[in-house]
Amino acid sequence: DMVFRSSARWFYWIAGLSLINSIVFRMDGNINFLFGLGATQVVDILSQIYIEEGLFTDPGMVSGISMAVVILLSGLYIGFGILTRKKKKWAFYTGTVLYTLDGLLLLFLMRDYISVAFHAYILFSLFRVWKTINDLQNVKDDLQPPAPRSSGG
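Presented here is an overview of the structure given in this document. (Residues numbered from 1 in each chain as written. Predicted model: local features only at pLDDT ≥ 70, side-chain atom pairs only at ≥ 80, totals over all residues. Heavy atoms only, no water.)

1. Examining the overall build of the protein chain
Okay, so step 1: A tally of helices and strands in the protein chain yields 5 helices and 0 strands.
Okay, so step 2: Seen in sequence order, the protein chain has helices and strands lined up from the N terminus as α-α-α-α-α.
Okay, so step 3: Taken against the 2.2 N^0.38 rule, which gives 15 Å for 153 residues, the C-alpha radius of gyration of the protein chain at 20 Å runs more than 25% over that of a compact globule.
Okay, so step 4: Counting only C-alpha atoms, the protein chain reaches 80 × 35 × 25 Å along its principal axes.
Okay, so step 5: Split into buried and exposed, the 153 residues of the protein chain put 33% on the buried side.
Okay, so step 6: Here the protein chain displays about 9,600 Å² of accessible surface, and carbon together with sulfur accounts for 67% of that area.
Okay, so step 7: Separation of charge centres in the protein chain, based on 13 positive and 11 negative side chains, amounts to 17 Å. (Helix = DSSP H or I, 4+ residues; strand = E, 2+ residues; numbered from the N terminus. Rg over C-alpha atoms; globule rule 2.2 N^0.38 Å. Buried < 20%, exposed > 50% of the residue type's maximum accessible area, 1.4 Å probe, protein only. Areas by Shrake-Rupley, 256 points an atom, 1.4 Å probe, with all protein chains shown as cover. Lys, Arg positive; Asp, Glu negative; His and termini not counted. Charge placed at Lys NZ, Arg CZ, Asp CG, Glu CD.)

Dropping the structure here:
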C-alpha cells in the first residue's frame, strides 16, 4: 500500500508543478520547477510564438486553448496518481512510460539537460517502485495454492 501511495505522490507533484510552471510562464515569471512536464512547456512556448507572430487573430483564444491543454495534461497525471493510489498497476505503468517519453522530449527537442536529470531521478524512483510491484506480485503468485487437478476420466 505504501508503495502505491508514494508513487501516486510523484504523479501529483508532476501535475501540480507543471500547472504552476505554465501559470508562471504566462505571468512572465522566471521560475521553472524541473519536475514539471516538458510537454506543457512545449505547449506554452508554441502558444507564445503563435501570439507573438500574430498567426491567429485572437491571442486570447490561443492562450485559452493552450491553458486547456496544460490543464488536461496535468489532469492526466492527477488521474494517474488517483488510480495508482487505488493500486491500478496499469495507471502506474502508463504514467511512468509517458513521463519517460516526456523526458526524451526534453532531451531531444528542448535540450534541457537539467530538467532531464531531474526527470531521470524521478524515473529512477518510479522504476524502483515498478520492480517492487513486480516482486510483490511474484511473491503473491508463489504463495497461491496450486490449482486443483481435474480428474481426467
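Additional details are given in the paragraphs that follow.
2. Points about the side chain of histidine 119
Okay, so step 1: Along the chain, the position of histidine 119 falls in helix α5 (residues 113-143).
Okay, so step 2: Among the residues examined, histidine 119 registers a relative accessible area of 1% and is labelled buried.
Okay, so step 3: The contacts of histidine 119, once residues within four sequence positions are left out, are Leu34, Phe35, Gly36, Gly38, Tyr99, Asp102, Gly103 and Leu106. (Contact = heavy atoms within 4.5 Å.)

3. Some remarks on helix α3 (residues 59-85)
Okay, so step 1: Spanning 27 residues, α3 covers 39 Å between terminal C-alpha atoms, matching the ideal 39 Å at 1.5 Å per step.
Okay, so step 2: Within α3, burial applies to Val62, Ser66, Met67, Val70, Ser74, Tyr77, Phe80, Gly81 and Thr84.
Okay, so step 3: Residues of α3 that are buried make contact with α1 (2-26), α2 (38-52) and α4 (89-110).
Okay, so step 4: Measuring from the side-chain oxygen of the N-cap residue of α3 to the backbone nitrogen of glycine 60 gives 3.1 Å; that N-cap residue is aspartate 58. (Expected span 1.5 Å × (residues − 1). Polar contact = N/O pair within 3.5 Å; in protein donor to acceptor, adjacent residues only side chain to side chain.)

4. Observations regarding the environment of leucine 104
Okay, so step 1: Summarising the element assignment, leucine 104 is placed in helix α4.
Okay, so step 2: Placed 66 residues apart in sequence, leucine 104 and glycine 38 show a C-alpha to C-alpha distance of 9.0 Å.

5. Re the packing of aromatic side chains
Okay, so step 1: The tally for this structure, following the rule as stated, stands at 10 aromatic pairs.
Okay, so step 2: Between phenylalanine 35 and phenylalanine 118, the ring centres sit 5.4 Å apart and the planes meet at 70°, which makes this aromatic pair edge-to-face. A residue pair is termed long-range when its members are at least 10 positions apart, and phenylalanine 35 in the loop between α1 and α2 and phenylalanine 118 in helix α5 qualify at 83 residues.
Okay, so step 3: Arranged with centres 5.3 Å apart and planes meeting at 90°, the rings of tyrosine 77 and phenylalanine 80 form a pair that is edge-to-face. Of this pair, tyrosine 77 and phenylalanine 80 both sit in helix α3, separated by 3 residues, roughly a single helical turn.
Okay, so step 4: According to the relative accessible area criterion, phenylalanine 80 is buried, its value standing at 6%. (Phe/Tyr/Trp six-rings, centres within 6.5 Å; stacked < 30°, edge-to-face > 60°.)

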